[in-house]
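# Secondary and tertiary structure notes
Read off the chains here:
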Amino acid sequence: MLTKRIIPCLDIKEGRVVKGVKFQGLKDAGNPLEVAKVYDEQGADELVFLDITASVEKRKTLITLVEKIAQNIFIPFTVGGGIVDISDIRDLLNAGADKVSINTTAVKFPDLIREASAKFGAQCIVVAIDAKLVQSSEFWEVYINGGRTPGDLDALEWAKKAAFLGAGEILLTSMDSDGTKDGFDIALTKEITEAVNIPVIASGGAGKLEHFYAVFTQTGASAALAASIFHYQEYSIGQVKEYLRGKGVSVRI
C-alpha cells in the first residue's frame, strides 16, 4: 500500500508566508525559510511553495528564495507561481525545486504541459487546479491568476485533459473550503480522483485531524495539503501522522 503524504504549503506574497480564507484576507504567517526548516524537521513528506501573486503581477517566481529554501531542506520541494514557459521551469529545477506547479499558464497554453513533461519528465510537472463550485450548474469552475479570474473551464474536464497531456500530479484546491478549517471538499476531490490515473493532492479546508482521515478514506487522494493548522501550530506534522497511523492509514513516520 502506498503511504499517504502530508504536505504543508507556503503561500508567498512579497517574500513572506501568508494565509487567508477563500483566497481573501491574507495575513502574515512568518519567514518562509524558517517555516520551511521547521516542516522539514517535523517530518513533512514534501513542501509546496506557491508565489501567489507572481502571475497576476506578471513577474517571475522568487528564484533566490527558492534557492535558499532548497539548500536548507531535505524533502521533495514543489514550486509554483509566475511560470510562463519552459525556461522558467528549467530555472526553478536548477534552483533546487524537485517539481514545478503550473496553473494560469497551463490553462492558457495547455501544450506547455506536454512540452514540459516530455523535456523534464512527468514526475516534475504538477498542474494546480483552483476550483470553485458553480451553484446553479453543479460543477466546479477553474480559476486562474491566484483565484482572481474565472478560467471558463470545468475542473473535471480540465483535470482529465491535464493528465492526458502529461501532468504527473494534480494539486487540487477547493476555493470554497480554503482556509475555512471546515474540512476538505470531499465531493470535489472524489470526483477528480476517480476521473484521473495520476496522484491528486487534496487542498483547502483542513482544520481537524478527522479531516485528514476523511479525505484519505472517502476519496482517492494520494496526499493532503494544509497551511493554517501548521503555520499557527494548532497541530504538528507528527501529530497528524500519528493520528492517521492509529486509524489504520498508511503514512511515513
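Per chain, residues are indexed from 1 in the order of the written sequence. Since the coordinates come from a predicted model, pLDDT governs what is reported: local features require at least 70, and pairs of side-chain atoms require 80 or more to be given and counted, while whole-chain, interface and lining totals use all residues. To obtain the side-chain values, all non-hydrogen atoms of the structure were included, while hydrogens and water were left out.

### Overview of unusual backbone geometry
Even without being glycine, Lys181 reaches a positive phi, approximately 65°. In this description a helix means any DSSP run of H or I spanning at least four residues, a strand means any run of E spanning at least two, and both kinds are numbered starting from the N terminus. Position of Lys181 among the secondary structure elements: in the loop between β10 (169-174) and α7 (186-195). Located in the positive-phi region is Gln233, a residue other than glycine, with phi close to 60°. Position of Gln233 among the secondary structure elements: in the loop between α9 (228-231) and α10 (237-246). Relative accessibility thresholds used throughout: buried, under 20% of the residue-type maximum; exposed, over 50%; partly exposed, between the two (1.4 Å probe, protein chains only). Overall, Gln233 belongs to the exposed group, its relative accessible area being 70%.

### Examining the packing of α7 against helix α8 (residues 209-218)
Remark: α7 packs on α8, axes separated minimally by 10 Å, with the N-to-C direction vectors making an angle of 30°. α8 is crossed by α7, and the crossing has right-handed handedness. Note on element contacts: α8 touches α7 through Ala214, Val215 and Gln218, opposite Ile186, Thr189 and Lys190. Ten residue types, Ala, Val, Leu, Ile, Met, Phe, Trp, Tyr, Cys and Pro, are classed as nonpolar, four, Asp, Glu, Lys and Arg, as charged, and the remainder, Gly among them, as polar. Here the contact of α7 with α8 is built from residues that sort into three nonpolar, two polar and one charged. Note on geometry: axes are lines fitted to C-alpha atoms, helical ones only across the stretch in contact, with angles between N-to-C directions running from 0 to 180 degrees. Handedness of a crossing follows from how the near helix is turned relative to the far one, being left-handed for an anticlockwise turn of less than a right angle and right-handed for a clockwise one. Here a residue-residue contact requires only that any non-hydrogen atoms of the pair lie within 4.5 Å.

### A closer look at the packing of aromatic side chains
By convention, a stacked pair of Phe, Tyr or Trp rings (six-membered ring in the case of Trp) has centres within 6.5 Å and planes under 30 degrees apart, an edge-to-face pair has planes over 60 apart, and any other such pair is tilted. All chains considered together, the criterion is met by four aromatic pairs. Three or more aromatic residues joined by ring pairs make a cluster, and in this case those are Tyr39, Phe184, Phe212 and Phe230. Charge over a ring is defined by NZ of Lys or CZ of Arg lying within 6 Å of the ring centre and within 35 degrees of the ring normal. Against the face of Tyr213 rests Lys247, its NZ or CZ located 4.8 Å from the ring centre.

### Looking at the pairing of strand β9 (residues 149-154)
Two strands pair if DSSP finds at least two bridges between them. Relative to β9, strand β8 (residues 139-144) runs antiparallel, the two sharing three bridges. Across the sheet, the residue bridging to Ile144 is Thr149, located in β9. Taking the residues between adjacent antiparallel strands as the criterion, β8 and β9 are bridged by four residues, where Asn145 takes a positive phi near 55°.

### A few points about the nonpolar core
For the purposes of this section, nonpolar cores are sets of buried Ala, Val, Leu, Ile, Met, Phe, Trp, Tyr and Cys residues that join through side-chain atoms within 4.5 Å. Counting residues in each nonpolar core, the largest one holds 75 residues, and the members touching the most others are Ile69, Ile89, Ile129 and Phe212. The biggest single contributor to this core is helix α6 (residues 155-165), with seven residues. If near-sequence neighbours (up to four positions away) are discounted, Ile129 is found in contact with Val142, Ala155, Trp158, Ala159, Ile170, Leu171, Leu172 and Thr173.

### Quick notes on the environment of Val48
On the secondary structure map, Val48 appears in strand β4 (residues 47-51). Residue Val48 is classed as buried on the basis of its relative accessible area of 1%. Once the C-alpha coordinates of Val48 and Asp11 are considered, the two residues, 37 residues apart in sequence, prove to be 8.3 Å apart. In this view, Val48 contacts Ile7, Pro8, Cys9, Leu10, Thr78, Leu171 and Leu225; residues no more than four positions away in its chain are not counted.

### A look at the pairing of strand β7 (residues 125-134)
Among the 10 residues in β7, eight count as buried, and that is most of the element. Pairing between β7 and β10: six bridges, direction parallel. Considered in β10, the bridge of Val127 is made with Ile170. Across five bridges, the pairing between β7 and β8 is antiparallel. Bridge pairing links Leu133 to Trp140 in β8.

### A word on the packing of helix α3 (residues 86-94) against helix α5 (residues 111-120)
Helix packing for two helices is described by the angle between their axes and how far apart those axes are. Here α3 crosses α5 at 40°, and the two axes come no closer than 10 Å. When the interaxial angle is binned, α3 and α5 end up oblique. The interaxial crossing formed by α3 with α5 has right-handed handedness. Contacts between α3 and α5 involve Ile86, Ile89, Arg90 and Leu93 from the first element and Leu112, Glu115, Ala116, Lys119 and Phe120 from the second. In this scheme, roughly parallel covers angles under 35 degrees and roughly antiparallel covers those over 145, while 65 to 115 is roughly perpendicular and the rest are oblique.

Spatial relationships are all this shows, so hold off on functional conclusions.
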